Amino acid sequence: MRRTDPKCCKMHLLGITVALGLLGGIWAQLNVLRPECDSPEAEEAALVAQDYLNAQHTHGYKYALNRIEEIKIYTVPDGNNTHVLEIELLETDCHVLDPTPVANCTVRPKHLTAIEGDCDVVLKKVAGVLTVTAFKCKTEESREDVCLGCSTLLPLNHTQGLNFVQASLTKLNNVTQNLTYALLEVGRMSTQVVAGGRRYITEFVIIEASCVNDTCVPLNDTTAARGICTSEGINDPSVNCKMFSTMMPIVDANTTGPALPPQVHVHLGSVSHKHGFGHHKLTAHHNPHMSGYLSAESAESAEVVPVAPALTIPAAEPASASLPAGDSSSDASASMEVPITVVKREAPIVASASAAKKDHVAPVQVCPGRIRFF
């Protein structure tokens, strides 16, 4: 009878033990949870992602969470889990410099050309705190429910649109007292064909300027006054502005103002016409190739933001001269707002968790989640 070498058996058992240990370790590392997209855990991660993306967005407007498309949680034994989210965001009317919380901002309705952002975000949860480690985003205009006769978004380098912005800024500076504003950024421009010609609707950010010998430059100071203006009209713009610090209306540029400043030149640098988009894109990506969960292939190229051309503000007319009041009210921001209809769409019908438990099958993930706006 052939005897088995005890050493051989021990080595064999040791090999099996090591193999099982490695398999167990791999299983533990690759354990993936798929909670419901409307679960508190998914909502918490999505809002952290929303706030982080807005903080990285240095131009244009804040974005609000519209829908959680998918969520995966990669668990590890030490509890420092990794969340991978797919979320849909919608542009609001709050500029990134506006301190208003995004929860209090209004999402632009479709007929004013909504802007959608689709983002994949990776978050790490350490000691109960979620931190974004990587993301990639794609931003585009919503082409659904195009309204015939509604305003059309213009590229941010549109010559006639920029001329209208310049005329609006000039009109504003002609009625402000002891302050001159420079153009910080054009946020949005659109046009609409109406009786009498082409009507322009623009939004632009202003900053307090420092003037020396009739030459003005934007104040490079964190305390410099900043605000957002809306203007509209065919030839003579109706201009209304709100400052970010208080969000209170400043001088209405549609009425006769006080003593006007002398002729000044506002220099804002060289002109760039590389930005042919009608909206400011979200930051395209951050470390997508480093996370291990995302690839950088589908990330958009970084946004090139145009610098507004130098502006010349004409000398003041005599104080007795009055500016036309225009057709709009003194609070253009109120007239520009359009009520948003919140439409709830039900998630696809899937097997409930209780039914799945009864059949001894893992619960089916309920995703995508609810739609918050449209």
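Here the residue numbering is sequential within each chain, running from 1 through the sequence in written order. Residues qualify for local features only when their pLDDT is at least 70, as the model is predicted, and side-chain atom pairs are given and counted only at 80 or more; totals for whole chains, interfaces and linings, by contrast, use all residues. Side-chain measures were taken over the full set of non-hydrogen atoms in the model, leaving aside hydrogen atoms and water.

**Student:** When you look at the nonpolar core in this model, what are you seeing that I'm missing?
**Tutor:** The nonpolar side chains of a soluble globular protein tend to be buried with one another. Buried residues of nine kinds, namely Ala, Val, Leu, Ile, Met, Phe, Trp, Tyr and Cys, make up a nonpolar core once their side-chain atoms join them within 4.5 Å. Relative accessible area decides the class of each residue, using a 1.4 Å probe on protein chains only: under 20% of the type maximum gives buried, over 50% gives exposed, and in between gives partly exposed. If you look at the biggest cluster of nonpolar residues, it comprises 25 residues, and the most contacted ones within it are Leu53, Ile68, Leu85, Ile87, Leu89, Cys119 and Val121. Comment: elements are numbered from the N terminus, with helices defined as DSSP H or I runs of at least four residues and strands as E runs of at least two. Mapped onto this core, the elements with two or more residues apiece are helix H2 (40-56), strand S2 (61-74), strand S3 (82-95), strand S4 (115-126) and strand S5 (129-141). The residues touching isoleucine 87, leaving out its near neighbours within four places in the chain, are Ala46, Ala49, Leu53, Leu65, Arg67, Ile68, Glu69, Gly117, Asp118, Cys119 and Val121. Ranked by size, the runner-up nonpolar core spans 18 residues in total, among them Leu154, Leu169, Tyr181 and Ile206. Here, two residues are considered to be in contact whenever any of their heavy atoms come within 4.5 Å of each other.

**Student:** How should I be thinking about unusual backbone geometry in this particular structure?
**Tutor:** That bond from cysteine 367 to proline 368 is cis: its omega, -5°, falls within 30 degrees of zero. A positive phi angle, close to 55°, is found at alanine 127, a residue other than glycine. Tracing the backbone shows alanine 127 in the loop between S4 and S5. We classify alanine 127 as exposed; its relative accessible area is 73%. One non-glycine residue, asparagine 178, adopts positive backbone phi at about 60°. Tracing the chain through its elements places asparagine 178 in the loop between helix H3 (159-173) and strand S7 (181-194). Under the relative-accessibility criterion, asparagine 178 is labelled exposed at 75%.

**Student:** What is the right way to look at the packing of aromatic side chains in this model?
**Tutor:** Here the distance between the centres and the angle between the planes together describe a pair of aromatic rings. For Phe, Tyr and Trp, where Trp contributes only its six-membered ring, two rings pair if their centres lie within 6.5 Å, and the inter-plane angle classes them as stacked under 30 degrees, edge-to-face over 60, or tilted in between. Taken as a whole and assessed by the stated rule, the structure comprises three aromatic pairs. Ring plane angle 75° and centroid distance 6.1 Å describe the contact between tyrosine 52 and phenylalanine 135, whose orientation is recorded as edge-to-face. Of this pair, tyrosine 52 sits in helix H2 while phenylalanine 135 sits in strand S5, and the two are 83 residues apart along the sequence. We classify tyrosine 52 as partly exposed; its relative accessible area is 23%. Taking the relative accessible area as the measure of exposure, phenylalanine 135 reaches 1% and is therefore buried.

**Student:** Help me understand the pattern of salt bridges in this model?
**Tutor:** Note that side chains of opposite charge can pair when their charged atoms are close. Whenever Lys or Arg places a side-chain nitrogen within 4 Å of a carboxyl oxygen from Asp or Glu, that contact is recorded as a salt bridge. What the rule picks out here adds up to nine salt bridges. The residue glutamate 203 makes a salt bridge to arginine 108 at a minimum N-O spacing of 3.0 Å. Of this pair, glutamate 203 sits in strand S8 (residues 197-212) while arginine 108 sits in the loop between S3 and S4, and the two are 95 residues apart along the sequence. Note on glutamate 203: relative accessible area 11%, which makes it buried.

**Student:** Explanation requested: the confidence of the model for the protein chain in the structure shown.
**Tutor:** Interpreting fine coordinate detail is not advised for predicted regions of low pLDDT. Confidence scores labelled pLDDT are given residue by residue by the predictor and lie between 0 and 100. Here the protein chain averages 74 in pLDDT, while 61% of its residues score no lower than 70. Considering only residues more than four positions removed or in separate chains, one finds that residues 251-274, a stretch of pLDDT under 50, has 85 contacts. Considering only residues more than four positions removed or in separate chains, one finds that residues 301-362, a stretch of pLDDT under 50, has 106 contacts.

**Student:** Can you walk me through H2 in this structure?
**Tutor:** Two residues of an α-helix separated by three or four positions point the same way, owing to the 3.6 residues in each turn. A helix is expected to reach a length of 1.5 Å times the quantity of its residues less one. Given a rise of 1.5 Å per residue, 17 residues ought to cover 24 Å, and the 25 Å separating the end C-alpha atoms of H2 matches this to within 8%. Among the residues of H2, Ala42, Ala45, Ala46, Ala49, Gln50, Leu53 and Asn54 are the ones counted as buried. End-on view of H2: buried residues confined to an arc of 165°, all on one side of the axis. Relative to its buried face, H2 has exposed residues pointing more than 90 degrees away, namely Pro40 and Ala55. The secondary structure elements touched by the buried residues of H2 are S2, S3, S4 and S5. Directions from the helix axis toward the C-beta atoms define the arc.

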